[in-house]
Amino acid sequence: MKLPTIALTLLASVLSATAQSAFIRTPANGSAISRGTNTTVQVTKPNSLTGSTSVALAIGLRSCEPSTTSPSPSCLSIPSDEFFGYVAYTGPFAPVYHETALPPYQNLTVYVPQGFAQGTAVLSIAHFVLVGAGPETILDVSNVTVTVV
Ligand SMILES: *[C@@H]1O[C@H](CO)[C@@H](O)[C@H](O)[C@H]1NC(C)=O
Ligand SMILES: *[C@@H]1O[C@H](CO)[C@@H](O)[C@H](O)[C@H]1NC(C)=O
Ligand SMILES: *[C@@H]1O[C@H](CO)[C@@H](O)[C@H](O)[C@H]1NC(C)=O
Ligand SMILES: *[C@@H]1O[C@H](CO)[C@@H](O)[C@H](O)[C@H]1NC(C)=O
């Protein structure tokens, strides 16, 4: 029974490294968001076997269009954990079940400034979470690509 135990332990550590991640469910990757309005960002955190506590979240929006301050047309190649962009939200994050069909989530309202550049942009979250018995402290960053209109 040694091998299965090792396999399970490995599996468990892989799961604990990924299963506590949060991600942006809406706006969906590739969708449009409007300037000068509030947009609902639905951040989902799938339930996992490993206990974890979400502590905080930040939401950033970075334009990928060339400008005087950001001449690079390929900003998608710069990871958002190095260049987060306009900080649209910082604060608590406590995803809970709402609809039975959906994993725990929290809706956050963010305002996209009227002056934000139109075109492709990266909408990112940085999620601070405590995982497991230690607990381990993890900062988990993910994104969707949107079109600002
Ligand atoms: C955006 O939402 C905030 C409250 O969440 C509200 O005070 C503000 O008026 C809204 N702005 C617009 C343009 O709807
Ligand atoms: C967005 O997330 C993907 C993985 O889903 C990653 O490959 C990409 O580098 C990220 N983009 C930015 C700008 O961080
Ligand atoms: C979260 O936002 C989505 C989309 O706007 C909406 O359908 C859902 O009812 C909202 N959930 C809660 C709990 O407000
Ligand atoms: C979003 O879609 C773009 C293509 O439009 C793709 O390159 C990217 O990997 C997708 N990102 C995620 C997080 O699925």
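Described in the following lines is the structure provided in the data block. (Residues numbered from 1 in each chain as written. Chains lettered and ligands numbered in written order. Predicted model: local features only at pLDDT ≥ 70, side-chain atom pairs only at ≥ 80, totals over all residues.)

1. A look at the overall build of the protein chain
- Counting its regular elements, the protein chain contains 1 helix and 8 strands.
- Taken from the N to the C terminus, the helices and strands of the protein chain come in the order α-β-β-β-β-β-β-β-β.
- Going through the 149 residues of the protein chain one by one, you find that 25% of them count as buried.
- Of all intrachain contacts in the protein chain linking residues separated by at least 6 positions in sequence, the fraction that spans at least 24 positions is 74%. (Helix = DSSP H or I, 4+ residues; strand = E, 2+ residues; numbered from the N terminus. Buried ≥ 20, exposed ≤ 12 C-beta atoms within 10 Å, placed from the backbone. Contact = placed C-beta atoms within 7 Å.)

2. Details of the sheet that holds strand 7 (residues 119-131)
- With mixed pairing, 5 strands are arranged side by side in an open sheet as 2-8-7-4-5. Strands at the two margins of the open sheet, each flanked by one partner only, are strand 2 (32-33) and strand 5 (86-92).
- Across 11 bridges, the pairing between strand 4 (residues 52-63) and strand 7 is antiparallel. What sits directly across from Arg-62, in strand 7, is Val-122. (Pairing = 2+ DSSP bridges.)

3. Quick word on the site of ligand 3
- Neighbouring ligand 3 are Thr-40, Gln-42, His-98 and Asn-107.
- Residues of the shell around ligand 3, tallied by class, amount to no nonpolar, 4 polar and no charged. (Near = placed C-beta within 6 Å. Nonpolar A, V, L, I, M, F, W, Y, C, P; charged D, E, K, R; others polar.)

4. Here we look at the site of ligand 4
- Every residue near ligand 4 is listed here: Asn-29, Gly-30, Asn-143, Val-144 and Thr-145.
- Among the residues making up the shell around ligand 4, the classes are represented as 1 nonpolar, 4 polar and no charged.

5. Notes on the environment of His-127
- In this fold, His-127 is placed in strand 7.
- A C-alpha to C-alpha distance of 8.9 Å links His-127 and Ile-59, two positions 68 residues apart in sequence.
- Every residue in contact with His-127, bar those within four places of it in the chain, is listed here: Ala-22, Ser-54, Leu-57, Phe-93 and Asp-140.

6. Side note on the nonpolar core
- Val-43, Ala-121, Leu-123, Ile-125 and Val-148 are the most contacted members of the largest nonpolar core, which totals 22 residues.
- Within the residue set of this core, elements represented by two or more residues are strand 3 (37-44), strand 4, strand 6 (105-112), strand 7 and strand 8 (136-148).
- Considering every element that reaches this core, the biggest residue donor is strand 7, with 5 residues.
- Residues within four places of Ala-121 in sequence aside, it is in contact with Leu-61, Arg-62, Ser-63, Cys-64, Val-146 and Val-148. (Core = buried A, V, L, I, M, F, W, Y, C linked by C-beta atoms within 7 Å.)

7. A closer look at the sheet that holds strand 3
- Across the sheet, which stays open at both edges, the 3 strands sit in the order 1-3-6 with antiparallel pairing between neighbours. Pairing within the sheet leaves two strands with one partner each, and these edge strands are strand 1 (23-26) and strand 6. Averaged over all pairs of adjacent strands, the angle between strand axes in this sheet comes to 40°, irrespective of strand direction.
- Judged from the 3 bridges that link them, strand 1 and strand 3 form a sheet pairing that is antiparallel. Bridging across to strand 3, Phe-23 finds its partner in Thr-44. (Axes fitted to C-alpha atoms, helices over the stretch in contact; angles between N-to-C directions.)

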